[in-house]
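# Working through the structure, step by step
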Amino acid sequence: MKRIGVFVCGCGINIAKTVDVKKVVEEIGHYPGVVYATDYQYMCSDPGQKMIQEAIEREHLDGIIVAACSPTLHEFTFRRASEAVGLNPYQCEIANIREQCSWVHQDKEIATAKAIKITKSIIEKERLNDSLSPISVFMTRRALVIGGGIAGIQAALDIADSGYEVILVEKEPSIGGHMAQLSETFPTLDCSQCILTPKMVEISHHPKIKLLAYSEVVNVGGYVGNFNVKILKKPRYVKEDLCNNCGECFKVCPVVVPNEFERGLGSRYAIYIPFPQAVPSICTIDADACLGLFPLACNKCKEVCEPNAVDYDMKPEIIEETVGAIVVATGYDLLPSEELKEYGNGRNPDIIDGLHFERLLSASGPTQGVIRRPSDGKVPKEVVFVQCAGSRDPEKHLPYCSKFCCMYTAKHALLYKHRVPDGQPYIFYIDVRTAGKGYEEFYHRVSEQEGVVYLRGKVSKIFQDGDGLMVWGVDTLTGKKVEITADMVVLATGAVPAEGSKKLFANLKLACDENGFLSEAHPKLRPVESLTPGFFLAGAAQGPRDIPETVAQAGGAASKVIGMFSQEMLLHDPIVAVVDENLCSGCKICISACPYDAREFDEEKNIVRVNELLCEGCGACVAACPSGATQQQNITDDQIREMVKVVLGE
Amino acid sequence: MAKLKVALYWAASCGGCEISILDIGAKILDFVAGAEIVFWPCAMDFKYHHVEAMPDGSIDLTLFNGAIRTSENEYMAKLFRRKSKVLVAYGSCAYEGGIPGLANVTDREGIFKRVYDTTPSTKNPKGIRPQTKTKVPEGELRLPEFYDTVKTLAQTVDVDYFVPGCPPTGERTWEVLEAILGNNLPEKGSVVGAGQKTVCDECPRTKNEKKIKAFVRPHLVIPDPDVCLLEQGIFCAGFATRDGCGAQCIQVNMPCRGCYGPPPKVIDQGAKIVSALGSIIDAEEPEEINRILDQIPNPIGYFYRFGLPYSILRRRVIK
Ligand SMILES: Cc1cc2nc3c(=O)[nH]c(=O)nc-3n(C[C@H](O)[C@H](O)[C@H](O)COP(=O)(O)OP(=O)(O)OC[C@H]3O[C@@H](n4cnc5c(N)ncnc54)[C@H](O)[C@@H]3O)c2cc1C
């Protein structure tokens, strides 16, 4: 029988206040197999760990139980301490008598009895524990970054700068994301393009970065360290290596369509480049608009193209790559104004959203930076900005705060005032949230010195009224109804996960929150990792965030990737499912139950195996396996049964 | 070599197990060549007092079928235990409680009420119920006591081996008899005459990943003979049932009912069925899940058909 030692922690008074620690030690000391039991005030402290290590050596212990806090906190501490004196770390178990006992009880007697039961049940588990060692995994030291906004750009550059190869996949013809659309950025008002484009250029020239723009990830197989990625490269109908972006083709293209980059406020041709500084600097033919593709009705661009880059027969291409880590940086989109019925359904041209306004402000935008309203080009003299348009509205729209709107609305009002000094901006707000470095100061400047009128309250309705727009709202500070006749309204519509990301995340099997943003492994302690190993998160794909935060987080994700790549081998936790081949009958129920695709059918033997590198030890297949052939390492059915028996006092 | 003394007995059972011995066919001749039958109620005329008169331990092998539901069953179980060197729980009822074991969802009163009162064909205005003792002019008549709870043989006496099946198949029975005749016995307490895998291993149908959107009862459809019945929405217990039967039912388009009991590593067959089905029902919304589950009309009857007394549940709690 194993020689077991039990170490009961008082955790200051966290445990000792409600659990009679001495009594636990006394009772457990008599339990079969326990050869040593003691208590200490703080087991996790250095002296506490030392005490455990000495006891392991002195008493020749084969297994130890630390009755203390949740294993999520100190399991690692005690396992490392055990390993240091030669005890296999998987022979060290934690009995959680704090979160599951002392913290949830008041009656000392009941809590003590429960602590004893919990500890006994863990002793029963430990008795049947095997000694295990981590599984080593070879890794490919190359990263994939999905999404070429500022988050993806930053992450790609940071990883590439430390010497590892990066594949950057962007679905649009150019990288840059939303930051490329912004005019100036709060709170310092530096020109967005001026700080972004150097980074975009760096991407295009970096020897370690392979940029796949106008491409999408269609499938990811494999596991951390060894992902097999399939990327669909959409046809641009222009040969990348030949196009020199001379612009001759634009001059002859007969088709004019709204430009997405300008959010429809400007136009482009069917052959186009979204904006002058686009990276890669290559033209793209919009297949839906072009006349030349099917059927061949026009071939003007091909005729004028000197380098002979236009190729109407270009086909989609599937590119396969192996990578070790994946950074997901797919960003956000704005809630479509069509969903805001009370604010004109997105049908009124003079009710625009924040990104429209950025384009109106931009010197390279459709109006060269002159603020003109879309309907008639008139310079608007009264502009109403509506914050939280769709945000913080759990009944009708998005329950959460989109975080950057307070700041960009302040920025918008300020920049408007600079462009139209005799204009009057009004801002409707619920709260103004300006928790960022220099943000509060920026807000004060806007609200106090720049003649912007802040109105606390919600706008209930906006509708066309003659030449202008009637805005109905309430000022909740004075309790009065407010009516403003405006020339233009700017809605700070809430941010939502990027279009298509739901499908992508499901495809990658990444966990999302209830709003569709990516979930982090731990909201405080592992904010840039996904729960699925090998996936890292950057930028607004994880939730609305501004540029400074996005860049910091992208750097964090990059350094996680770099940290992973700098290890000699990847180690995989050996707590995985195992199959007894003599018992498995190949019914395949486990295959449907496994969320990680870790179950593989072996035709020859008619059994289903576990790919232990893919297995995350969730146990779903163990529960599902009707033959009992599948067991989870160190938490087998036999162990669970023994634990339950003790808890039920059998 | 002296012939082995062999006894067969039926307790709470349908009698099928006794007959199933004959499924070994012509081999019965080999069997009688090596064995002398000292008790076999369905085939030969012996009385209980014959057994009582035998010296303890004088029977080499007793194949005991049927569950323990009355005082008579219990008495005979204890008697045969005493008289036999090797006692085998033969068939699902002796091994796991079997179909009679489903009575554990109720108790004696519940059963009597139904049988002697409320069945449509019963007319019992005086409310007559069986008594253990009845006085008649000729003296006292006795009936065995009917227990509240059906037990397995092993819950009553020490058992050496277990042969599952309702009934065990002829081939498997012969294997067991051969092993015994050849004194080729496995470890005490083993399940014999069965495999280590599940019925899926013997089932010839093709199996795919399973996602179930609806259950359908077998008499309502004509199933595809080549595809896993469960995948066709027909509840088949084969995945959680020990193999050995040769997947006979499945080969004639009927789903496995689970009579060979849980596979070696499974403690509770019904619980395993529940967790396996729970893993393959293809629905997200609670209402949808409930709707699908409601298509299984009698879960305990389906999932614990042969093993309620043997399972962790054992019986409904009696207040
Ligand atoms: C009106 C407005 C004004 C703003 N002003 C400021 C400001 O002044 N200062 C500030 O700090 N912040 C500002 N922001 C916030 C800023 O836009 C974000 O912080 C920043 O864009 C987040 O960067 P990102 O890379 O995470 O996301 P994004 O910019 O959304 O980039 C995501 C990229 O991923 C690509 N992508 C999406 N899905 C896929 C896919 N499936 N496959 C491949 N690629 C994909 C997209 O095409 C895009 O290029 C403003 C936001 C708005 C709406």
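The structure under discussion appears in the preceding block.
Attention here is on the structure that accompanies the text. Just so you know, these numbers come straight off a predicted model, no measurement behind them.

## Re the overall build of chain B
Each helix and strand in chain B was counted, giving twelve helices and nine strands. Taking 20 Å as the expected radius of gyration for a compact globule of 319 residues, we find that chain B reaches 22 Å, a close match to that expectation. In terms of its C-alpha atoms, chain B occupies a principal-axis envelope of roughly 65 × 60 × 30 Å. Residues classed as buried in chain B amount to 47% of the 319 residues present. The long-range fraction of contacts in chain B, counting pairs at least 24 apart against all pairs at least 6 apart in sequence, stands at 72%. Here chain B displays about 15,800 Å² of accessible surface, and carbon together with sulfur accounts for 56% of that area.

## Points about the packing of helix α9 (residues 354–361) of chain A against helix α10 (residues 405–419) of chain A
The description of two helices packed together rests on the angle between their axes and the distance between the axes. Residues and elements named next belong to chain A. Contact pair α9 / α10: the axes reach a minimum separation of 11 Å and the direction vectors enclose 30 degrees. α10 is crossed by α9, and the crossing has left-handed handedness. Note on element contacts: α10 touches α9 through Y408, K411, H412, L415, Y416 and R419, opposite G354, F357, E358 and L361. Among the residues forming the contact of α9 with α10, the class breakdown is five nonpolar, two polar and three charged.

## Considering the site of the ligand
All names here are of chain A. The full set close to the ligand counts 37 residues, and E170, H178, Y332, R545 and I547 are the nearest of them. Within the contact set of the ligand, an oxygen atom lies 3.1 Å away from a backbone nitrogen or oxygen of I150. At 2.5 Å from an oxygen atom of the ligand is found a main-chain nitrogen or oxygen belonging to R545. Here the ligand, which alone exposes 990 Å², has 97% of that area covered by the protein. Looking at the shell around the ligand, the elements that each hand over two or more residues are α5 (150–161), β8 (184–185), β19 (332–334), α9, α10 and α13 (547–565). Of the residues assigned to the shell around the ligand, the class counts are 18 nonpolar, eleven polar and eight charged. When residues of the shell around the ligand are sorted by domain, at least three fall in each of domain 2 (143–176 + 214–234 + 316–330 + 499–565) and domain 4 (333–496).

## Things to note about the interface of chain B and chain A
In many reports, interface size means the accessible area that the parts give up when they come together. In this complex, chain B contributes 23 residues to the contact, which on the side of chain A involves 23 residues. Considering only the side of chain B, the residues that lose the most area to chain A are K197, K265 and K272 of chain B, jointly responsible for 31% of the buried surface there. Scanning the region where chain B abuts chain A turns up one salt bridge. Between D638 of chain A and K265 of chain B there is a salt bridge, and its shortest N-O distance comes to 3.2 Å. Seen at the junction of chain B and chain A, the total is eleven residue pairs in polar contact (both at pLDDT 80 or more). Mapped by element, the contributors of at least two residues to the side of chain B that touches chain A are α8 (199–202) and α10 (269–280) of chain B. A class-by-class count of the residues in the side of chain B that touches chain A yields ten nonpolar, five polar and eight charged.

## A closer look at α9 of chain A
Residues and elements named next belong to chain A. Burial of α9 is extensive: eight of the eight residues sit out of reach of the surface. Turning to α9, its buried residues are G354, L355, H356, F357, E358, R359, L360 and L361. A distance of 3.1 Å separates the backbone nitrogen of L355 from a side-chain oxygen at the start of α9, and that oxygen is part of D353.

## Some thoughts on the sheet that holds strand β5 (residues 84–90) of chain B
Residues and elements named next belong to chain B. Here we have five strands laid out as an open sheet, ordered β2-β1-β3-β5-β9, and parallel in their pairing. A strand with exactly one partner marks an edge of an open sheet, and here the two such strands are β2 (35–39) and β9 (161–163). Here the strands of the sheet are splayed against their neighbours by 25 degrees on average, with no regard to which way each runs. Where strand β1 (residues 4–10) meets strand β3 (residues 59–65), five bridges bridge the pair, whose relative direction is parallel. Within the sheet, the bridge partner assigned to Y9 lies in β3 and is F64. Taken strand by strand, helix α4 (residues 71–83) contacts β1, β2, β3 and β5, and its axis lies near 140 degrees from that of β5. Where helix α7 (residues 170–181) meets the sheet, it contacts β1, β2, β3, β5 and β9, and its direction lies at approximately 160 degrees from that of β3.

## So, the packing of helix α1 (residues 21–29) of chain A against helix α4 (residues 108–127) of chain A
All names here are of chain A. Two numbers describe how α1 lies on α4: the axes approach to 10 Å, and their chain directions differ by 40 degrees. Taken together, the axes of α1 and α4 lie oblique to each other. Handedness of the crossing formed by α1 with α4: right-handed. Between α1 and α4, the contacting residues are K23, V24, E27 and I28 on the first element and T112, A115, I116, T119, K120 and I123 on the second. Here the contact of α1 with α4 is composed, by residue class, of five nonpolar, two polar and three charged.

Thresholds applied
Residues numbered from 1 in each chain as written. Chains lettered and ligands numbered in written order. Predicted model: local features only at pLDDT ≥ 70, side-chain atom pairs only at ≥ 80, totals over all residues. Heavy atoms only, no water. Helix = DSSP H or I, 4+ residues; strand = E, 2+ residues; numbered from the N terminus. Rg over C-alpha atoms; globule rule 2.2 N^0.38 Å. Buried < 20%, exposed > 50% of the residue type's maximum accessible area, 1.4 Å probe, protein only. Contact = heavy atoms within 4.5 Å. Areas by Shrake-Rupley, 256 points an atom, 1.4 Å probe, with all protein chains shown as cover. Axes fitted to C-alpha atoms, helices over the stretch in contact; angles between N-to-C directions. Left-handed = near helix turned anticlockwise from the far one by under 90°. Nonpolar A, V, L, I, M, F, W, Y, C, P; charged D, E, K, R; others polar. Near = heavy atom within 4 Å. Polar contact = N/O pair within 3.5 Å; in protein donor to acceptor, adjacent residues only side chain to side chain. Domains from an automatic or database assignment. Buried area = accessible area lost by both parts, 1.4 Å probe. Salt bridge = Lys/Arg side-chain N within 4 Å of Asp/Glu carboxyl O. Pairing = 2+ DSSP bridges. Parallel < 35°, antiparallel > 145°, perpendicular 65-115°, else oblique.

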